[in-house]
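# Results of the structural survey
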Amino acid sequence: MAFRSRRGFLKAASAAGVAAAAGHLLAPFSRAQASGLGGAFRVDLDTRRTLAPLDRNIFGSFLEHLGRAIYEGIYDPGTPLADGNGFRTDVLDEIRKMQVPMVRYPGGNFVSGYHWLDGVGPKKDRPTVLEKAWDSVETNQFGTNEFLAWCKLAGTTPLMGLNLGTGTPEMAAALVEYLNVEKGTKWSDLRRSHGIAEPYGVTNWCLGNEMDGPWQIGHMSATEYGEKAADAGRQMRYVDRNLKLIACGSSGPRTSTFLVWDREVLEQCYEYVDGISLHRYFDNTTETAGNSAYFLALNLSMERQINQVAAVCDYVQGIKRSPKKLWLSFDEWNVWYRARNGVDVDGQGRQAPHLLEEVYNLEDALLVGGLINSLLRNSDRVRVGCLAQLVNVIAPIMTNATGMYLQTIFYPYNWALQYARGAALQVLVEPGPSYEVPGYGKVPYLDVAGTLDADGTVTLFILNRDLSNGHQVEITWEAKAGSRLLDSYVLTGSDLKAMNGFDAPKRVVPQAAEKPVTSAGSTKMEVPARSYSVYRWGA
Ligand code: AHR
């Protein structure tokens, strides 16, 4: 309650100041960065009130045969950074440390023209082909078995994409047989002849990619695709009953067929699938016209998209009288708008061209933080999510011949991977100071999400969309107070357009946040302007 008065803000600010003077802070954000105090937010935290157990797969990622994601990204044989398999050890070590739970592969648009048989067997016999989604050359030196070996080393699980563009349901089922049947059949014995005795047991599959898009190889109508997905699903399930199958939903809410596509597809294949895909790339040009405060509210539009697609799923469930509720797979999401035109998306017949090499700034990282909050808040329905992508292509990790650096968006994503564990909390935030955003009404400056781990650790993720002012936060612990602070970090800066690069890899990195002060069941802290913060308290 103290934070409802201006007096309260000053009290907390000075408490934080005392802590700083006592040397408790490592490298706190500079107060000059937070030009003023904008108001107070009351957060009610009740650790008995959880939303759903968190499926860590909502923080998966994506690797496509596109540009330098695979070649030069994770696979660079014959170079000093490669291991005996040709895998880049620096990238592999980083991804293992990140604990990325799931990686979607091999595309993306690429998959709709991909023949998986070209990428298995002795490397010397694999064909070099023209790749038509990105106008590149594909050598097939990295294929399904290399990917699955890499997944094992990276400590991640595969989300396999299927070609339902030029590919057939028969070859989709053949791939399941190649990967998951032990022995004694045509395709399982082919795998064994390739030196892999044990089946992989790949469970999660995407039935095609963005088949609603006129840009997609093999693009077709919703009804045609829905029938093809049903046929593929039926054949695949004959081979392996344990599969989790994801139908291709709309590739974004701006398409003219948004939601209608989803409904028509599900009317054909509802009984054969477990989830439906959503895709979304955010930009600070078209809708927002460069207005950064508006841009930082766009995670609310992701939530709107989630609610709308979930409503369509439930509608089809209703008309089918089905007991099954579909889950959502947000298997492509990120900021992407700069490297999106002309040469940036056209490989011009080259192998491993520089494509979609978006360089991210601070405001992009802040929105990525907000998008993570939105995924957490919807984790009762969204069971899979993939930051698109992981290396070099619209990615948190960038490589060159001698090393790698971490983009700004790496940091919020890595916090989600490290700290969002257990169950998503229903965080109640009392309406605090807000601003007007076209189409969204009054948007609160602070966006708060949280998790509760099995050991009682509480984690809060806080986006401050206010470009000029810091805000006070007062947490009321409704159950047990989280008195033991474990970590507090903030990503902020004076320049929203600041980027990392090989020349300055640490220009935008997290700093230690001011330590919150807890007494009598309530915790007070201040989040600076233009920031994304994480706080963790032990039980
Ligand atoms: O992630 C880049 C591309 O974006 C993917 O290939 C496609 O699915 C989407 O349009």
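This text goes with the structure placed above it.
Only a predicted model underlies this, so the values are computations on that prediction, with no experimental measurement involved. (Residues numbered from 1 in each chain as written. Predicted model: local features only at pLDDT ≥ 70, side-chain atom pairs only at ≥ 80, totals over all residues. Heavy atoms only, no water.)

Inspection of the entire model under this criterion finds 33 salt bridges. Between R237 and D274 there is a salt bridge whose closest N-O contact spans 3.0 Å. You can see R237 sitting in helix α6 (residues 222–239) and its partner D274 sitting in the loop between α7 (260–269) and β10 (275–282), a full 37 residues away along the chain. When sorted by exposure, R237 lands in the same class as D274, which is buried. A salt bridge links E271 to K320, with the nearest nitrogen and oxygen atoms 3.8 Å apart. Of this pair, E271 sits in the loop between α7 and β10 while K320 sits in helix α9 (residues 299–320), and the two are 49 residues apart along the sequence. (Salt bridge = Lys/Arg side-chain N within 4 Å of Asp/Glu carboxyl O. Helix = DSSP H or I, 4+ residues; strand = E, 2+ residues; numbered from the N terminus. Buried < 20%, exposed > 50% of the residue type's maximum accessible area, 1.4 Å probe, protein only.)

Our focus in this paragraph is the site of the ligand. If you check the shell around the ligand, you find 13 residues, and the closest are E64, N109, E210, Y281 and E332. Note that an oxygen atom of the ligand is positioned 3.0 Å from one of the side-chain N or O atoms of N209. Separating an oxygen atom of the ligand from a side-chain N or O atom of Y281 is a distance of 2.8 Å. Relative to its unbound accessible area of 280 Å², the ligand is 96% covered by the protein chains. Classifying every residue of the shell around the ligand gives six nonpolar, four polar and three charged. (Near = heavy atom within 4 Å. Polar contact = N/O pair within 3.5 Å; in protein donor to acceptor, adjacent residues only side chain to side chain. Areas by Shrake-Rupley, 256 points an atom, 1.4 Å probe, with all protein chains shown as cover. Nonpolar A, V, L, I, M, F, W, Y, C, P; charged D, E, K, R; others polar.)

Turning next to the layout of surface pockets. Any space left empty among the atoms is revealed by the rolling of a water-sized probe across them. By volume, the largest pocket amounts to about 660 Å³. Looking at the largest pocket, it is lined by 28 residues, and the ones nearest its centre are E210, W215, Y281, W336 and R340. The element contributing the most residues to the lining of the largest pocket is β10, with three residues. Quantified by volume, the second largest pocket comes out at close to 420 Å³. Contributing to the lining of the second largest pocket are 19 residues, with L148, A149, C151, K152 and Y200 lying nearest its centre. At the level of elements, α3 (144–154) and β7 (157–161) are the ones that each hand at least two residues to the lining of the second largest pocket. At six residues, the largest contribution of residues to the lining of the second largest pocket is made by α3. Tallied by class, the residues present in the lining of the second largest pocket amount to eight nonpolar, eight polar and three charged. (1 Å grid on protein atoms, 1.4 Å probe; cavity = no way out; pocket = protein on both sides within 12 Å on 5 of 7 lines; lining within 4 Å. Points joined across faces, edges and corners; volume = space filled by probe spheres on them.)

The next thing to look at is empty space enclosed by the protein. Summed over the entire model, instances satisfying the criterion amount to four cavities of 30 Å³ or more. Roughly 90 Å³ of volume is contained in the largest cavity. Along the walls of the largest cavity sit 13 residues, with H65, L66, G67, S136 and E138 positioned nearest its centre. Residue contributions to the lining of the largest cavity peak at three residues, all from strand β6 (residues 136–138). Among the residues making up the lining of the largest cavity, the classes are represented as seven nonpolar, four polar and two charged.

Turning next to unusual backbone geometry. Note that the residue after Y105, namely P106, is joined by a cis bond; omega there is 0 degrees. Cis geometry is found at the peptide bond from A388 to Q389, where omega equals 0 degrees. Relative to the assigned elements, Q389 resides in the loop between β13 (382–387) and β14 (397–399). Of note, E72 is a non-glycine position whose phi angle comes to about 80 degrees, a positive value. Non-glycine residue L356 carries a positive phi angle of around 55 degrees. Among the secondary structure elements, L356 is positioned in the loop between β12 (350–351) and α10 (362–377).

Okay, α7 next. Looking at α7, one finds that the buried residues are W261, D262, V265, L266 and C269. One side of α7 holds all its buried residues, which, seen down the axis, span an arc of 120 degrees. The elements touched by buried residues of α7 are α6, β9 (244–247), β10 and α9. (Arc of directions from axis to C-beta. Contact = heavy atoms within 4.5 Å.)

A few words now on the sheet that holds strand β8 (residues 204–207). In space, the eight strands of this closed barrel follow the order β3-β4-β7-β8-β9-β10-β11-β13, with parallel pairing throughout. With strand direction ignored, the average angle separating the axes of adjacent strands in the sheet is 30 degrees. Sheet analysis places strand β11 (residues 327–335) next to β13, joined by four bridges and oriented parallel. Bridged to W333 within β13 is L387. (Pairing = 2+ DSSP bridges. Axes fitted to C-alpha atoms, helices over the stretch in contact; angles between N-to-C directions.)

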